[in-house]
Amino acid sequence: MKKECLFCNSHVTAHTFASENGFSALYNHSPILPGHTLIIPDKHSGSLFELSEEEISAFFTFARKVTSFLTDIYQSDAYDWSLQEGEAAGQSVDHLHLHVIPRKPGDLPEGVEWYGKLQEQQSLALDDSERIVLSEWEYQEISRALKEKWGSFVSRQ
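Residues numbered from 1 in each chain as written. Predicted model: local features only at pLDDT ≥ 70, side-chain atom pairs only at ≥ 80, totals over all residues. Heavy atoms only, no water.

### A few points about unusual backbone geometry
Trans is the prevailing form of peptide bonds, just as negative phi is the prevailing case for residues other than glycine.
Inference 1: You will see that N21, though not glycine, has its phi angle at about 50 degrees, which is positive.
Inference 2: By the element assignment, N21 lies in the loop between strand 1 (18–20) and strand 2 (23–27).
Inference 3: N21 sits in the exposed class, given a relative accessible area of 62%. (Helix = DSSP H or I, 4+ residues; strand = E, 2+ residues; numbered from the N terminus. Buried < 20%, exposed > 50% of the residue type's maximum accessible area, 1.4 Å probe, protein only.)

Next comes the structure, spelled out in structure tokens:
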């Protein structure tokens with residue numbers, strides 16, 4: 001894993017679209033499907049075991065709220081969650097993060113599994129031509145739109 005934490009970088013965290021109780025939602029710069037979002041602690045935590053019981057509860061409560069938002073925005077009634085802890089489990093950034101991926105029937109080609117696609121994306125270097133990486137403009141626009149819609153979503157709660 002990299003020594004410098006990507007999720008502690010202010011350039012990256014400036015694009016969070018939702019925050020609550022010490023946790024943030026960040027659109028994945030390299031999404032495997034539309035809506036692919038990461039839930040991260042605002043403080044650096046490399047492991048779920050570094051969080052208190054209250055923080056774990058807040059983490060998953062926030063993740064559930066963001067998942068509800070994403071399935072609404074992306075018109076989906078299904079989702080996948082993936083929390084990979086440790087390099088052997090596929091964790092590519094040494095900062096706790098939960099992948100939230102809204103799903104729809106037929107959203108991946110037959111025979112392609114979402115977890116395999118996630119692992120494949122994470123194993124490729126950011127500059128690898130086979131890796132899907134949003135342009136900076138597209139990433140900023142998606143993040144901005146989600147942040148705007150998050151405000152409306154929260155006000156309805």
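Still more to cover.
### Here we look at the confidence of the model for the chain
Inference 1: Taken over all residues, the pLDDT of the chain has a mean of 90, while the share at 70 or more is 96%.
Inference 2: No element of the chain has a lower mean pLDDT than helix 3 (residues 114–123), which averages 77, and none a higher one than helix 2 (residues 53–73), which averages 98. (pLDDT = per-residue confidence, 0-100.)

### Points about the side chain of H36
Inference 1: Note that H36 resides in the loop between strand 2 and strand 3 (37–41).
Inference 2: Dropping the residues within four chain positions of it, H36 is found in contact with Y27, N28, S30, P31, H99, V100, I101, P102 and L118. (Contact = heavy atoms within 4.5 Å.)

### Structural notes on the environment of D107
Inference 1: By secondary structure assignment, the location of D107 is in the loop between strand 5 (98–103) and helix 3.
Inference 2: You can call D107 partly exposed: its relative accessible area is 24%.
Inference 3: Residues D107 and P34, spaced 73 residues apart in sequence, show a C-alpha to C-alpha distance of 9.4 Å.
Inference 4: Here the side chain of D107 touches R103 through a polar contact of 2.7 Å, side chain to side chain.
Inference 5: Polar contacts involving the side chain of D107 include one to the main-chain amide nitrogen of K104, which spans 2.9 Å. (Polar contact = N/O pair within 3.5 Å; in protein donor to acceptor, adjacent residues only side chain to side chain.)

### Here we look at helix 2
Inference 1: Taking 1.5 Å of rise per residue, the 21 residues of helix 2 would be expected to cover 30 Å, and the 30 Å separating its terminal C-alpha atoms lies within 8% of that figure.
Inference 2: Looking at the buried residues of helix 2, the elements they touch are strand 1, strand 2, strand 3, strand 4 (78–83), strand 5 and helix 4 (136–156).
Inference 3: Backbone geometry just downstream of helix 2 places Q75 in the positive-phi region, at approximately 50 degrees. (Expected span 1.5 Å × (residues − 1).)

### Notes on the pattern of salt bridges
Inference 1: Scanning the entire structure with this criterion turns up seven salt bridges.
Inference 2: Here E148 and R144 are joined by a salt bridge, their closest N and O atoms 3.5 Å apart. With E148 and R144 both in helix 4, this residue pair falls four residues apart, about one helical turn.
Inference 3: One network of salt bridges, with partners in common, ties together D80, R103 and D107. (Salt bridge = Lys/Arg side-chain N within 4 Å of Asp/Glu carboxyl O.)

### Description of helix 3
Note: α-helices contain 3.6 residues per turn, so residues at a spacing of three or four share the same orientation.
Inference 1: Along helix 3, the residues that are buried comprise W114, L118, Q121 and Q122. The buried residues of helix 3 occupy an angular sector of 95 degrees when projected down its axis, which confines them to one face.
Inference 2: Here the buried face of helix 3 lies against strand 4 and strand 5. (Arc of directions from axis to C-beta.)

### Quick notes on the sheet that holds strand 5
Inference 1: Strand order in the open sheet formed by five strands is 1-2-3-5-4, and the pairing between neighbours is antiparallel. Edge positions in the sheet fall to strand 1 and strand 4, since each of these pairs with one other strand and no more. With direction set aside, neighbouring strand axes in the sheet form an average angle of 20 degrees.
Inference 2: Taken strand by strand, helix 2 contacts strand 1, strand 2, strand 3, strand 4 and strand 5, and its axis lies near 145 degrees from that of strand 4.
Inference 3: Where helix 3 meets the sheet, its contacts fall on strand 4 and strand 5, and the angle it forms with strand 4 comes to roughly 45 degrees. (Pairing = 2+ DSSP bridges. Axes fitted to C-alpha atoms, helices over the stretch in contact; angles between N-to-C directions.)

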